[in-house]
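A structural walkthrough
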Amino acid sequence: MDGRLSETDQKPRTGGAVLRAALRLLAKALLCFVILNILFALAYPMPELGRISAYNVLFPGRLRLPYGDNPQRAYNVSVLNLNAMFASQEINAGPKPAGEYRVLLIGDSSTWGWLLKPSQTLAAQINRAGLRSADGRMVRAYNLGYPIMSLAKDVMIVDHAMRYQPDLVIWLVTLESFPADKQLVHPLLQHNPDIERSLIARYGLRLNPNDPQFYTPTFLERTIVGSRRDLADLFRLQLYGVLWAATGIDQDYPDRYEPAAIDLQADTTFHGLQPPTLHEGDLALDELDAGVRAVGHVPLLIVNEPILISNGQNSRIRYDFFYPRWAYDQYRVIMEKLAQARGWNYLDLWNLLPMKEFTNSAVHYTPAGAQILAAQLLPRIGQLSRIGAP
Amino acid sequence: MTTDITSSLAQYIAAQILQQPKRKIASDAPLISSGLIDSFHLVDLSLFVEKQFGVLLDDSELNKDTFDTLAQLAQLIRERQS
Amino acid sequence: MNLTSILAFTALTVTFGVLVLLAGERIRRYKGWVMLVASVFAVYWLQSSMPLRNLDFWLPTASLGLTVIVWVTINIPGRIAAREGGTVATRDTLATLTVVVAVVLLVGLTRYTDILITPSRPPDIVSILISLIVVAALAAAAGAAFGRRTGLLSIPIFLIVALFVIFKLDALARSASVVLRTLTGQATDQASALDLRWLGFSYLAFRLIHVLRDRSTGKLKAGALSLREFVSYVVFFPSLTAGPIDRVEHFTKDARSTLTPGVDDMVEGGRRIFAGVFKKFVLADTLAIFALNATNAAQTHSVPWTWLLVYAFAFRIFFDFSGYTDIAIGLGRFFGIKLPENFDHPYLKRNLTVFWNSWHITLAQWFRTYFFNPVTRALRTRTFANGKTLSPTVIILTGQVGTMLLIGLWHGITWNFVAWGAWHAAGLFVHNLWTDYSHRRAARAEQKALNDPSSQPVSEPASPLPYRAGLMGVVNVVITFHYVALGWIWFALPNLDLSLAVFRRLVGAGG
């Protein structure tokens, strides 16, 4: 019966007729696709899409913000979507538990934990101490470091992170993050112009809101087709979550790495600045003020992080690969004065670690280095937890 | 005549392959795709067909694309006999 | 095939299909030539680059050369017959040779332009001409040696298998690379088995062996295949890289058909290509991110996540492979070629025997035709001097273990593929024993029933409750799938220790 039905129902179709029908169908599909793309470009929901995350739902959140150039080995992907970055972090797991004294660590790659396993980072070492706040809450540190050396990036992160109700913010800085002209160098800042512009406006930053480094997608780039790379990156970030959950790996650990330079060039310049004087105007001190304002009433501890102090060739001219002595010495003086003038909680730990506790860079420390640093911070956390405690 | 072939095949399959002489096999029941006859017994079946009907089934033909039911196999045998 | 080549092939085939729809016969009669030219180009275009100088030109040329040589080998008496009987076949052969040589030279001439078909610049034209002469000489020699002595065709079959072993066995491939590096004057200490990645050779070899074997048994008659059909069959571009392995008589039947590929063919073809692209580039490539591999197998320590990686591999390999097959079948449809199906819901089968009727069907079928069936037939009909015959169990064991090990080795001559083959051989054998046991049990039950005069003939083994049968079906499917999925652990991981470690981890034993 089926056969007869289809026979009578099916009119003999000529090639041309079917081709026309096929073309009509194709045209309709194309039109739908174009409309969908236009709607997407008009609404441009990319930032909101970043909030959709399988982390903290299907698998545990990451212990640090996602960053990775070699996803296949690192099981980690760099994305430029701030919402997506935080959505994949454990801090986004849910409301803050009642018994938690929440500490946010803001900083560069040394805080993020370059070459360190998630269990070896500064945040992990602090958590391992099992410290309790003055009011008896459990101190819980969250690693919000991100491997870019720029204070503007730190401000962007801390400003976003304040919604997670920290009880204390520890901001680890180093001179390399200060030069005023390199604040916007990284794509994370360039690709979030709206966020950065609002920070510029709110905190009166010296950055130019129309800086040509800002990336503004054209209409075509805002369509689904134009956003395909960003969309794919968001998707890949979720997929690599499976391997993150399965292996606990979130970084490409090379078998061996080039140790930080001990023998140095006889170069006295710092980012094109010449001795003898480091001018405050060359440093993005306004970003420090912005960060302090962003943190608001929550206690803040600013730490000048440890650097490698070399004893090798030309070490009388430079401390390490990053810093000529004159510039770094003056930076410390500037910071000390500024902290005093503004009344900041400031800790200068620049020479805390011996040479052997550094790995592949003058600011990346070993697990033991992270432990030593944590030991310095723990008493200060204890002290600061008294502020605002009943 | 086809029915003779079919019943002879059915008898052989039931008795020799399935070892259930009383089992009835429908002439349109899939034999290979259902897994009722595995590849070993398929060779046996081809040897039986060769002996019984003088029809050669090539090694490349022992699959469900050539025949999957008794009816199809009987048809094939009849075609080759004539 | 990557997405670019698939899109290019799709564009080509769809254009051809649309032209056929619009112009019908006027275009359709060029079908064979379009297939031939596209396929010969594809042999070069799809070959990936290799560190050895010009190898990305020579290996595709070798594919074509081998194909021509085998054609001459199986076809010498036919050629003579054609010469006596008429000139049409000869003219077609000459035209085909001209076209093939022209394409090879055209690819070679890209050396002097900026548009390359091969990954690297082809060798100079004199070397190419010499190679063509070598192929012609080898073809003449092979034709003279085997053309009239089909009994000797096991020699070229053996040579192809030997070539296969050289390319698939790491140690031999490395030695071959050393030899080739010496010839090209490249550093031999860099030699690696990875230097030799002969695109499509596994499939090509199987098509050639199939044809040679059928010729030697007389199933295939000399002169049955034109050179154009034969080259198109062996290197047909949709199925060049990942099968399916069609049978030559089936392929040529479709290729010769004067039926114009219709709208239905194109709609179905388009659907298959679309489905294939989705399976391969969306599903498989997504799963590939966290599918079991040597690296993550060593890094994962928790039980549930290890299971997830194993499942991901099982579905990844299915979607990857069946996606490619869909694309191949879809492309073929536009030329009116119905390539055989390679997959038939393999993960929804109730036992391993049926699984192997539905997974990589054309490969399993090939091994049944050229190994399992003849071996079983020979052992089954063998009677020893004392009048004894081999027991079915011994024959089944021999046939199945042999077949599965060979299928394993076809994927690569390494211990892990042997283990994978053995895993499936063991599974099939156990399933066989179980089937035998249940048949005997059923027979006993029948015998009992015979003594009971009220009994009726049974058509199906009686099942007490229908839902119980359904439930058993689901359980069987789940068990079969898991047996196959666990088997992939051997397949996915390069060494047995690692595979064993994963097995231990899956049951929560050992890190």
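About the thresholds
Residues numbered from 1 in each chain as written. Chains lettered and ligands numbered in written order. Predicted model: local features only at pLDDT ≥ 70, side-chain atom pairs only at ≥ 80, totals over all residues. Heavy atoms only, no water. Helix = DSSP H or I, 4+ residues; strand = E, 2+ residues; numbered from the N terminus. Rg over C-alpha atoms; globule rule 2.2 N^0.38 Å. Buried < 20%, exposed > 50% of the residue type's maximum accessible area, 1.4 Å probe, protein only. Contact = heavy atoms within 4.5 Å. Areas by Shrake-Rupley, 256 points an atom, 1.4 Å probe, with all protein chains shown as cover. Buried area = accessible area lost by both parts, 1.4 Å probe. Salt bridge = Lys/Arg side-chain N within 4 Å of Asp/Glu carboxyl O. Polar contact = N/O pair within 3.5 Å; in protein donor to acceptor, adjacent residues only side chain to side chain. Nonpolar A, V, L, I, M, F, W, Y, C, P; charged D, E, K, R; others polar. Pairing = 2+ DSSP bridges. Axes fitted to C-alpha atoms, helices over the stretch in contact; angles between N-to-C directions. Expected span 1.5 Å × (residues − 1). Arc of directions from axis to C-beta.

From N to C terminus, chain C includes 20 helices and zero strands. Against the globule reference of 24 Å for 511 residues, chain C gives a C-alpha radius of gyration of 26 Å, in line with a compact fold. With respect to the principal axes defined by its C-alpha atoms, chain C has extents near 80 × 60 × 60 Å. Counting only residues that meet the buried cut, chain C has 50% of its 511 residues in that class. Looking at chain C alone, contacts between residues at least 24 apart form 73% of all its contacts between residues at least 6 apart. Summed over all atoms, the accessible surface of chain C reaches about 23,000 Å², with 67% contributed by carbon and sulfur.

So, on to the interface of chain B and chain C. Contact residues are listed per partner, giving 28 residues for chain B and 33 residues for chain C. Both sides together, the interface formed by chain B and chain C hides about 2,700 Å², and carbon and sulfur atoms give 52% of it. It is Lys 22, Phe 40 and Asp 59 of chain B in chain B that bury the most area against chain C; as a group they hold 28% of the surface buried on that side. Counting across the chain B and chain C interface gives three salt bridges. Between Glu 50 of chain B and Arg 377 of chain C there is a salt bridge whose closest N-O contact spans 3.7 Å. Where chain B packs against chain C, one counts seven residue pairs in polar contact (both at pLDDT 80 or more). Element by element, the count of residues in the side of chain B that touches chain C is highest for helix H2 (residues 39–53) of chain B, at eight residues. Split into classes, the residues belonging to the side of chain B that touches chain C amount to nine nonpolar, ten polar and nine charged.

Strand pairing in a sheet takes place through backbone hydrogen bonds and is either antiparallel or parallel in direction. Residue and element names in this part refer to chain A. Reading across from one edge, E2-E1-E3-E4-E5 is the order of the five strands in this open sheet, with parallel pairing throughout. Here the strands that pair on one side only, and so sit at the sheet edges, are strand E2 (138–143) and strand E5 (345–348). Averaged over neighbouring strand pairs, the angle between their axes works out to 20° when direction is ignored. Bridge count for strand E3 (residues 168–173) against strand E4 (residues 300–304) is five bridges, and the pairing is parallel. Within E4, the position partnered with Val 169 by the bridge is Leu 300.

Turning to helix H8 (residues 170–184) of chain C, a few remarks are in order. Residues and elements named next belong to chain C. Under the 1.5 Å per step criterion, the end-to-end length of H8 is 21 Å for 15 residues, consistent within 8% with the ideal 21 Å. Turning to H8, its buried residues are Ala 173, Ala 176, Ser 177 and Arg 181. Down the axis of H8, the smallest arc covering the buried residues is 140°, so these residues share one side. Facing away from the buried side of H8 by more than 90 degrees, the exposed set consists of Val 179, Thr 182 and Leu 183. Buried residues along H8 sit against helix H7 (154–168). Phi turns positive, to about 75°, at Gly 185, one or two residues after H8.

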